Amino acid sequence: MSKYLVTANINGDEVDFACHADQTLMEILRENLNMTGTKNGCGSGDCGACTVIMNGRPVNSCLVLGAELQGAEIETIEGMSKGNELHPLQQKFLDHAALQCGICTPGFLNMAKSLLEKNPDPTETEVRYALAGNLCRCTGYDKIVRAVLDAAEEMRTTSS
Amino acid sequence: MNEMRYEAPETIEAAIALLVAQEHQPRVFAGGTDLIVQLKAEMIEPGMLVDIKKIKEPREIIISAEEISIGSAVSGAEIGENAELKALFPGVVESVQLIGSDQVQGRATIGGNFCNASPAADSVPALIAANAKAVIAGPDGVRKVDVADLLVKPGQTSLTTGEFIVSFVFPRPPKNTGEAYLRFIPRTEMDIAVVGAGVSVTLNPDGTCAAARLALGAVAPTARLVEPASDILVGNKLEEGVLADLAAAASAACQPIDDKRGTIEFRTKVAGVLACRATKIAWERAEKN
């Protein structure tokens, strides 16, 4: 029986869930809330596939417990597009073919979004360091880095 | 088997009351970046997690005229964003910023890095070099201990039942003090130190060294202060002979293991090299402060 009743804000909506003390945010998103956009890669904070934004910071959702999330604000990949309108990063990942199997993609997108909010004009080196906690085993990193730099440029143009 | 409980006390006293109840096999929970991994791998089976992030004191950074305090449950990202802290203790801030990815930084705490007690923990040599004391709360009250004295062996500190680290406190560095932390890893990011070196240097007005502390990580069962380094540097300028003596003292302080990331010979040599490089950086910073 689940013991902990938690209300958190997920992608702008108040969401109630019940969980056990040892359940991670990743498990709750995928198993309790059917939000399977957040991917389970390693489950130990090494691969970044489960990256979400929690209270404004990127975190590995496999290393966060559900029980500690009362009042927290969570942003997942499901909240990135506005309806059918893709976020510029999502569009640029498509344009640059920066994904193949797609397991790492939601984590990369969340991490890149978080980077561009802090630093709208990153260098290639800064992008590579910011994405160092996200592993991709099929596309390789060049296309991803190019997509992020291209999205950054577009977002700067449209916001100015 | 009883299901594990999660508790989030709001005061230090309430946390201690939970932590002394050994029948629940409680564990302190902060960033969770080590603890959740150990939990999922069934390396630990605590009956209760005591989350200290809802308590005020472990979450604060306090910078006063005499003393600086970093709460044990402050994350690496929060430490890195504090410009004043970075100016005062660049070595400590650099060391914390090297722990894991940005995602891990968002959660991993300085107290957790310390209490996980890895010989290779990046923050520990920097904390020792900066002369930090741990403020420990427990059933018998509060005690302040030099951080190096808390380290027992890999994975173990000398914290006793019911105790937890609330914060790390540092004396405000005197004028012309500089700090640095460097580590060697085979990659450029996301790796565990093969050798880590933390240095704090204070200079006299004539440019000679007034005080110095060098600490090394990943070269012994615990991070350690290289005591002879102080005598080698104090009264001197950063000349070649002095640096050679410093490197020799650093290497002599090593009792490393051989493993896939570095041999005994390599770690011993690199400890000397990094001690000198970190000292040079700390020295340059001291000249500007």
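Residues numbered from 1 in each chain as written. Chains lettered and ligands numbered in written order. Predicted model: local features only at pLDDT ≥ 70, side-chain atom pairs only at ≥ 80, totals over all residues.

**Student:** Break down the sheet that holds strand β7 (residues 141-146) of chain B for me, with residues and values.
**Tutor:** Residues and elements named next belong to chain B. Read across the open sheet, the five strands follow the order β4-β5-β10-β6-β7; overall the sheet is antiparallel. With one partner strand each, in any of the chains shown, β4 (61-63) and β7 form the two edges of the open sheet. Taking each pair of neighbouring strands and ignoring which way they run, the sheet shows an average axis angle of 20°. (Pairing = 2+ DSSP bridges. Helix = DSSP H or I, 4+ residues; strand = E, 2+ residues; numbered from the N terminus. Axes fitted to C-alpha atoms, helices over the stretch in contact; angles between N-to-C directions.)

**Student:** I'd love a proper account of the interface of chain B and chain A, names of residues and values included.
**Tutor:** Chain B puts 23 residues into the contact, and the matching count from chain A is 23 residues. Listing elements by their share of the side of chain B that touches chain A, those giving two or more residues are β1 (5-7), α2 (35-40), β3 (48-51) and α6 (102-105) of chain B. Here the side of chain B that touches chain A takes four residues from α2(B), the largest share from any one element. Residue composition of the side of chain B that touches chain A, grouped by class: ten nonpolar, six polar and seven charged. (Contact = placed C-beta atoms within 7 Å. Nonpolar A, V, L, I, M, F, W, Y, C, P; charged D, E, K, R; others polar.)

**Student:** Please provide a residue-by-residue account of the domain arrangement of chain A, values included.
**Tutor:** Residues and elements named next belong to chain A. The assigned domain composition of chain A is domain 1 (4-79) and domain 2 (88-159). If you average the C-alpha positions of domain 1 and of domain 2, the two centres end up 21 Å apart. The interface is formed by 13 residues belonging to domain 1 together with eleven residues belonging to domain 2. The dominant element in the side of domain 1 that touches domain 2, judged by the number of residues it contributes, is strand β3 (residues 51-54), at three residues. For the side of domain 1 that touches domain 2, the residue count by class is seven nonpolar, five polar and one charged. (Domains from an automatic or database assignment.)

**Student:** Can you break down the packing of helix α10 (residues 240-252) of chain B against helix α11 (residues 264-288) of chain B residue by residue, with the values?
**Tutor:** Residues and elements named next belong to chain B. Orientation of α10 relative to α11, taken along the N-to-C sense of each, is 135°, at an axis distance of 7 Å. One way to sum up the angle between α10 and α11 is to call them oblique. Both α10 and α11 take part in a crossing whose hand is right-handed. From α10, Leu243, Leu246, Ala247, Ala248, Ala250 and Ser251 reach across to α11, where they touch Thr268, Lys269, Ala271, Gly272, Val273, Ala275, Cys276 and Thr279. Looking at the contact of α10 with α11, its residues break down into nine nonpolar, four polar and one charged. (Parallel < 35°, antiparallel > 145°, perpendicular 65-115°, else oblique. Left-handed = near helix turned anticlockwise from the far one by under 90°.)

**Student:** I'd like a rundown of the environment of A:Gly56, residues and numbers included.
**Tutor:** Residue and element names in this part refer to chain A. In this structure, Gly56 sits in the loop between β3 and β4 (57-60). With 12 C-beta atoms counted inside 10 Å, the residue Gly56 sits in the exposed group. Taking the C-alpha atoms as reference points, Gly56 and Gly107, separated by 51 residues in sequence, lie 15 Å from one another. (Buried ≥ 20, exposed ≤ 12 C-beta atoms within 10 Å, placed from the backbone.)

**Student:** Before we move on, can you summarise the sheet that holds strand β12 (residues 195-203) of chain B with the specific residues and values?
**Tutor:** Residue and element names in this part refer to chain B. Spatial strand order, β11-β12-β13-β14: four strands in an open sheet with antiparallel pairing. Both edges of this open sheet fall to β11 (177-184) and β14 (224-225), since each of them pairs with a single strand only. Two elements, β12 and strand β13 (residues 209-217), share eight bridges in a ladder whose sense is antiparallel. Looking across to β13, one finds that Gly196 is bridged to Gly217. Along the sheet face, α11 touches β11, β12 and β13 and points at about 35° away from the line of β12.

**Student:** Provide a residue-level description of the domain arrangement of chain B, including the pertinent values.
**Tutor:** Its domain assignment divides chain B into domain 1 (5-50), domain 2 (60-171) and domain 3 (177-288). Computed over C-alpha atoms only, the centres of domain 1 of chain B and domain 3 of chain B are separated by 35 Å.

**Student:** Any details on unusual backbone geometry? Residues and values, ideally.
**Tutor:** The backbone of A:Asn55 shows a phi angle near 45°, a positive value even though the residue is not glycine. Checked against the element boundaries, A:Asn55 lands in the loop between β3 and β4. You will see that B:Glu42, though not glycine, has its phi angle at about 60°, which is positive.

**Student:** Would you mind going over the nonpolar core in detail, with residue names and values included?
**Tutor:** Residues and elements named next belong to chain B. Val195, Ala197, Leu216 and Ala250 are the most contacted members of the largest nonpolar core, which totals 137 residues. By residue number, the principal contributor to this core is α11, which donates nine residues. Residues within four places of Ala250 in sequence aside, it is in contact with Leu214, Leu216, Val226, Ala229, Ala271, Gly272 and Ala275. (Core = buried A, V, L, I, M, F, W, Y, C linked by C-beta atoms within 7 Å.)

**Student:** Could you give an account of the environment of A:Ile28, with specific residues and numbers?
**Tutor:** Looking at where A:Ile28 falls in the secondary structure, it is placed in helix α1 (residues 25-32). Measuring from C-alpha to C-alpha, the distance between A:Ile28 and A:Arg156 comes to 35 Å, with 128 residues separating the pair along the chain.

**Student:** So what about helix α5 (residues 90-97) of chain B? Which residues, and what values?
**Tutor:** For α5(B), a buried count of seven out of eight residues is recorded, marking the element as mostly surrounded by other parts of the structure. When we look at burial in α5(B), the residues that qualify are B:Pro90, B:Gly91, B:Val92, B:Val93, B:Glu94, B:Ser95 and B:Val96.

**Student:** Please set out the pairing of strand β2 (residues 13-19) of chain A residue by residue, giving values where relevant.
**Tutor:** Residue and element names in this part refer to chain A. Strand direction decides the pairing type here: strand β1 (residues 4-10) and β2, joined by seven bridges, are antiparallel. Paired with Ile10 across the strands is Asp13, a residue of β2. Counting the residues in the hairpin turn of β1 and β2 gives two residues, including Asn11, whose phi is positive at 50°.

**Student:** Describe in detail the pairing of β13(B), supporting the description with residues and values.
**Tutor:** Residues and elements named next belong to chain B. Of all the nine residues making up β13, seven are buried; the element is thus mostly covered by neighbouring parts of the structure. Where β12 hands over to β13, the hairpin turn is made up of five residues, of which Gly207 adopts a positive phi near 90°. Both β13 and β14 contribute to a ladder of two bridges, which runs antiparallel. Within the sheet, the bridge partner assigned to Leu216 lies in β14 and is Arg224.

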